[in-house]
Amino acid sequence: MIALQPLMTWEAAAVEAPRGKSEIGNFMLSNGMHVVVIPDHRAPIVTQMVWYKVGNADELPGKSGIAHFLEHLMFKSTKKHPAGEFSAKVSEIGGEQNAFTSSDYTAYYQTVTPESLGTMMELEADRMRQLVLTDAVIVPERDVILEERRGRVEAIPEALLEEEMRATLYQNHPYRIPVIGWMHEMERLSREDAVAFYDRYYAPNNAILVVAGDVDTGTVHRLAEKTYGAVPRGRELPPRVRPQEPEQNTKRTVVLTDPRVTVASFEKSWVTTSYATAEPGEAEALDLLSEILGGGKRSRIYQELVVRQGIASSGGAYFWGRSLDPTSFTIFGSPLGEAKVQAVEDAIDTEVRKIIDAGVPDVELENAKNRLVRSVIFARDSQQEIAQLYGEALATGSTAYDLQVWPLRVRAVTAREVQAVAKKYLNPDRSVAGYLLPPANTFSGDQKR
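Once a new chain begins, its residue numbering starts again from 1 and follows that chain's sequence as written. Owing to the predicted nature of the model, reporting of local features is limited to residues with pLDDT of at least 70; listing and counting of side-chain atom pairs is limited to 80 or more, with chain, interface and lining totals taken over all residues. The basis for every side-chain value is the complete set of heavy atoms in the structure, and neither hydrogens nor water enter the calculation.

A. View of the overall build of the protein. Strands here mean DSSP runs of E at least two residues long; helices mean DSSP runs of H or I at least four residues long; both are numbered from the N terminus. Of regular secondary structure, the protein possesses 16 helices and 12 strands. In terms of C-alpha radius of gyration, the protein reaches 23 Å, essentially the compact-globule figure of 22 Å for 449 residues. With the principal axes as the frame, the protein shows a C-alpha extent of 60 × 55 × 40 Å. Working definition: with a 1.4 Å probe on protein chains only, accessible area under 20% of the residue-type maximum means buried, over 50% means exposed, and in between means partly exposed. For the protein, with 449 residues in total, the buried portion stands at 55%. Whether two residues are in contact is decided by their heavy atoms: any pair within 4.5 Å suffices. Long-range contacts, defined here as pairs at least 24 residues apart, represent 80% of the contacts in the protein between residues at least 6 apart. What sets the accessible areas is the Shrake-Rupley method with a 1.4 Å probe; for residues, cover comes only from the shown protein chains. Total accessible area computed for the protein in this model is approximately 19,100 Å², and 53% of it derives from carbon and sulfur atoms. Counting rule for charge: Lys and Arg are taken as positive, Asp and Glu as negative, and neither His nor the chain ends is counted. One atom stands in for each charge, and that atom is NZ of Lys, CZ of Arg, CG of Asp or CD of Glu. One finds the centroid of the 50 positive side-chain charges in the protein at a distance of 2 Å from the centroid of its 61 negative side-chain charges. Only C-alpha atoms enter the radius of gyration; for comparison, a globular chain is expected to reach 2.2 Å times N to the power 0.38, where N is the number of residues.

So, in structure tokens, the structure goes:
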């Protein structure tokens, strides 16, 4: 059945298909695969994304990195197609493909011509259940992910600090475990681990297909039935219930001193609610709080620390609301010249305290709403970005309707609600502060906080 959801106002169209085009298609295949179609006929290209509702937070204890490892293995051979054939077909038509893994989902995508969409669907549906996993495949690819960790984490102090921050911020939830995995556990991942993970989670009833571009819903429906619709339904999975956080009641500090660091930096994080766990309006208020505090050059942190005081080379805030369980809110900054990292931290804390104590003027809130909503409107200019917005939302418990009315919900947030979430979540006595420092007596920035 195809269910089309007409939209209500121009504001709700912020995450709709480009104006004047067809409506968004939203339907289920008989094997349980969810399909969303976002027509955009401005250019003769189309992006398909397949999202599996599994990420590293679903891994068994001691098997960290298996979700990301399987993402790599999905580019190997299937019973029907040799390794490299899928990538070669994408390259032949000048297309683009990639994949990514997060704590809550794993996704694969291709951007190709509309005429090639059926072939891409056939190949993607084929590897959903027909992957060939042997030791001859597993061992060399395990070496690849180990090298990836060395290059992307071990070699980068900022990445090491981020890993330690998450391990400290989350005391019980698996979000504390790095997506790429801990090195000592990655080294022991086996063929049996990969097969068990693949068999459990890679099935149409645990997947979402998002197609954005020069297509119509009827065509996608026909192609999806022919390809993905032929894949048998997988086992029924239990609800994704993970260990939850205890009460956050301590102030913690992480310090990483590294000779590769030339300029100190600071960040502070809190565990907050997400769109999937929030009371109505709270996640939207946190998004606006992030925008007001550190959402770019018009934000309070940038204007005060970089422009007015001139003590920071950078500074900002971000809230990652699209997660299945409670997420995090982070502020950050880096000193400029002879300024000390302590001065940057104090100045950022002052900006947080101002909002907690005095709230936000209506004019400033309205400007933040405009920037936030427009950022999503601009995302419509990229098929990949709009497909990713839908995939992230659907894979973390939201619906297509939630995404379509999100601009209206942002517009409805009041200044009092922004102040309330700042007061509720940004408690300095329940935060984790991280400092990335150069060794003493080496470079400017700050060695003594």
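Continuing now.
B. Representation of the UniProt feature "domain: Peptidase M16 N-terminal" (unreviewed entry) in the protein. UniProt positions are given in the numbering used here, feature names are shortened, and annotations may be inferred rather than shown by experiment. Those residues carrying the UniProt feature "domain: Peptidase M16 N-terminal" (unreviewed entry) are residues 35-180 in this numbering. The span residues 35-180 shows a helical share of 42% and a strand share of 17%, and its end C-alpha atoms are spaced 28 Å apart.

C. Quick look at the pattern of salt bridges. For this analysis, a salt bridge means a side-chain nitrogen from Lys or Arg found within 4 Å of a carboxyl oxygen belonging to Asp or Glu. The final tally for this structure, using the stated rule, is 29 salt bridges. Lys 268 is paired through a salt bridge with Glu 345; the nearest N and O atoms lie 3.5 Å apart. Within this pair, whereas Lys 268 is found in strand β9 (residues 265-272), its partner Glu 345 is found in helix α11 (residues 341-358), the two being separated by 77 residues in sequence. Comparing Lys 268 with Glu 345, the two get one shared label, buried. Among the ionic pairs, Glu 366 bridges to Arg 411, the shortest N-O distance being 3.4 Å. In this pair, Glu 366 sits in helix α12 (residues 362-379) while Arg 411 sits in helix α15 (residues 406-411), placing the two residues 45 residues apart along the sequence. Linked by salt bridges that have partners in common, Asp 58, Asp 104, Arg 240, Arg 242 and Asp 325 make up one network.

D. Examining the nonpolar core more closely. Buried Ala, Val, Leu, Ile, Met, Phe, Trp, Tyr and Cys residues that are joined via side-chain atoms within 4.5 Å together make up what is termed a nonpolar core. Within the largest apolar cluster, 52 residues are counted, with the highest numbers of intra-cluster contacts made by Tyr 52, Leu 73, Tyr 202, Leu 209 and Tyr 228. When residues in this core are grouped by element, the largest group, six residues, is from helix α3 (residues 117-129). Here Tyr 202 is in contact with Tyr 52, Val 54, Leu 70, Met 74, Thr 106, Tyr 108, Met 128, Arg 129 and Phe 197, once residues within four sequence places are set aside.

E. Looking closely at the UniProt feature "domain: Peptidase M16 C-terminal" (unreviewed entry) in the protein. Listed under "domain: Peptidase M16 C-terminal" (unreviewed entry) in the UniProt record, and renumbered for this structure, are residues 189-372. With 39% helix and 21% strand, residues 189-372 has end C-alpha atoms that lie 42 Å from one another.

F. Broad picture of helix α4 (residues 135-154). Here a helix's expected span is defined as the number of its residues, less one, multiplied by 1.5 Å. A rise of 1.5 Å per residue sets the reference length of α4, with its 20 residues, at 28 Å; its end C-alpha atoms lie 27 Å apart and thus fit the reference within 8%. By the burial criterion, the buried members of α4 are Val 137, Ile 138, Glu 141, Arg 142, Ile 145, Leu 146, Glu 148, Arg 149 and Val 153. Down the axis, α4 shows its buried residues gathered within 160 degrees of arc, on one side only. Close packing links the buried residues of α4 with α1 (66-73), α5 (157-169), α6 (183-186) and α7 (191-201). Arc definition: it is the arc formed by the directions from the helix axis to the C-beta atoms.

G. Quick peek at the packing of helix α2 (residues 85-92) against α3. Axis definition: a line fitted to C-alpha atoms, over the contacting stretch in the case of helices. Angles run 0 to 180 degrees between N-to-C directions. Packing of α2 against α3 leaves a shortest axis separation of 11 Å and a crossing angle of 165 degrees. Our classification of the angle between α2 and α3 gives roughly antiparallel. The two elements α2 and α3 meet at a crossing, and its hand is left-handed. Listed contacts from α3 to Phe 86, Lys 89 and Val 90 of α2 are Thr 119, Met 120, Leu 123, Glu 124 and Arg 127. Residues were grouped as follows: Ala, Val, Leu, Ile, Met, Phe, Trp, Tyr, Cys and Pro as nonpolar; Asp, Glu, Lys and Arg as charged; and all remaining residues, including Gly, as polar. The class makeup of the residues in the contact of α2 with α3 is four nonpolar, one polar and three charged. Small angles under 35 degrees read as roughly parallel and large ones over 145 as roughly antiparallel, with 65 to 115 read as roughly perpendicular and the rest as oblique. Two helices that cross are described as forming a left-handed crossing if the nearer one is turned anticlockwise from the farther one by less than a right angle, and a right-handed crossing if clockwise.

H. Local environment of the packing of aromatic side chains. Each Phe, Tyr or Trp ring, with Trp reduced to its six-membered ring, pairs with another whose centre is within 6.5 Å; inter-plane angles below 30 degrees give stacked pairs, above 60 give edge-to-face pairs, and intermediate values give tilted ones. Scanning all chains against the criterion turns up 13 aromatic pairs. Geometrically, the ring pair formed by Tyr 52 and Tyr 202 is stacked, given 4.1 Å between the ring centres and 25 degrees between the ring planes. You can see Tyr 52 sitting in strand β4 (residues 46-52) and its partner Tyr 202 sitting in the loop between α7 and β7 (207-213), a full 150 residues away along the chain. Overall, the relative accessible area of 0% leaves Tyr 52 in the buried class.

I. Spatial organisation of α5. Here α5 spans 18 Å end to end across 13 residues, near enough to the 18 Å set by a 1.5 Å rise per residue. Those residues of α5 that sit buried are Pro 157, Leu 160, Leu 161, Glu 163, Met 165 and Leu 169. On the buried face of α5, the contacting elements are α4, β8 (252-257), β9, β11 (327-335) and β12 (432-437).

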